[in-house]
Amino acid sequence: DLSKVLTAAQDGVAKLFDTHSGACLQEFPDHSAPVLSATMSFDGTWVLTSSSDLEAKLFETNTGKCLRSFSEENGFVTCAQWAPGGR
């Protein structure tokens, strides 16, 4: 589905945009430092982000609610992605 674009930004907020209108559909604002990567689950239900705040976060796409944080004590979480097959 090419109707949405997910962005990661220096302000600590990932955003989901409509590609046709350019409207922001949802924000994922729970990071305290720049978001380095953002990816959506295969079915569009979840958003996974990584940040220089030493955390990856799992969000519900429809609500923008942070469901879980994953901490890394040894440095930035530079990338997070879904396992092949979505498992």
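Residues numbered from 1 in each chain as written. Predicted model: local features only at pLDDT ≥ 70, side-chain atom pairs only at ≥ 80, totals over all residues. Heavy atoms only, no water.

Visitor: I'd like to hear about the overall build of the protein chain, residue by residue, with values.
Guide: Broken down by element type, the protein chain carries 0 helices and 7 strands. Ordering the α and β elements of the protein chain from the N terminus gives β-β-β-β-β-β-β. For 87 residues, the compact-globule estimate of 2.2 N^0.38 gives 12 Å, and the protein chain sits close to it at 12 Å. Principal-axis analysis of the C-alpha atoms places the extent of the protein chain at approximately 40 × 30 × 20 Å. The buried share of the protein chain, taken over its 87 residues, is 33%. Carbon and sulfur atoms form 50% of the exposed surface of the protein chain, whose accessible area is close to 5,400 Å². Taking the average location of the 6 positive side-chain charges in the protein chain and that of its 11 negative ones, the two points are 6 Å from each other. (Helix = DSSP H or I, 4+ residues; strand = E, 2+ residues; numbered from the N terminus. Rg over C-alpha atoms; globule rule 2.2 N^0.38 Å. Buried < 20%, exposed > 50% of the residue type's maximum accessible area, 1.4 Å probe, protein only. Areas by Shrake-Rupley, 256 points an atom, 1.4 Å probe, with all protein chains shown as cover. Lys, Arg positive; Asp, Glu negative; His and termini not counted. Charge placed at Lys NZ, Arg CZ, Asp CG, Glu CD.)

Visitor: Let's hear about a nonpolar patch on the surface: which residues, and what values?
Guide: Taken together, the side chains of Leu36, Leu54 and Phe76 present a nonpolar region at the surface, about 270 Å² in accessible area. For Phe76, the location among the structural elements is in the segment after β7 (66-71). Classification of Phe76 by relative accessible area gives exposed; the value is 55%. (Patch = residues over 30% accessible without salt bridge, like charges linked within 9 Å, V, L, I, M, F, W, Y side chains within 5 Å. Salt bridge = Lys/Arg side-chain N within 4 Å of Asp/Glu carboxyl O.)

Visitor: An account of the pattern of salt bridges is requested, with residue identities and associated values reported.
Guide: Throughout the structure, instances matching the rule amount to 2 salt bridges. Notably, a salt bridge pairs Lys15 with Glu27, separated by 3.9 Å at the nearest N-O pair. Here Glu27 lies in strand β3 (residues 24-28) and Lys15 lies in strand β2 (residues 14-18), a separation of 12 residues in the sequence. Accessibility expressed as a relative area gives 24% for Lys15, which makes it partly exposed. In this structure, Glu55 and Lys57 form a salt bridge, with 2.9 Å as the shortest nitrogen-oxygen distance. Lys57 carries the same exposure label as Glu55, and that label is buried.

Visitor: Any chance you could break down unusual backbone geometry for me, citing the residues and the numbers?
Guide: Although it is not a glycine, Leu54 sits at a positive phi angle of roughly 75 degrees. Here Leu54 is to be found in the loop between β5 (46-51) and β6 (55-60).

Visitor: Talk me through the sheet that holds strand β4 (residues 35-40); I want residue IDs and the actual numbers.
Guide: Taking strand neighbours across the sheet as the criterion, the 4 strands line up as β4-β5-β6-β7 in an open arrangement whose pairing is antiparallel. Edge positions in the open sheet fall to β4 and β7, since each of these has one partner strand only. Between one strand axis and the next, the sheet turns through 15 degrees on average, direction left out of account. (Pairing = 2+ DSSP bridges. Axes fitted to C-alpha atoms, helices over the stretch in contact; angles between N-to-C directions.)

Visitor: Pulling in residues and values, what's your account of the sheet that holds β2?
Guide: If you trace the 3 strands from one edge of the open sheet to the other, you get β1-β2-β3, paired in antiparallel fashion. If you trace the sheet from one side to the other, it starts and ends with β1 (4-7) and β3, each paired once. Averaged over all pairs of adjacent strands, the angle between their axes in this sheet comes to 15 degrees, without regard to strand direction. Pairing geometry for β1 and β2, over 4 bridges, is antiparallel. The residue of β2 that forms the bridge with Val5 is Phe17.

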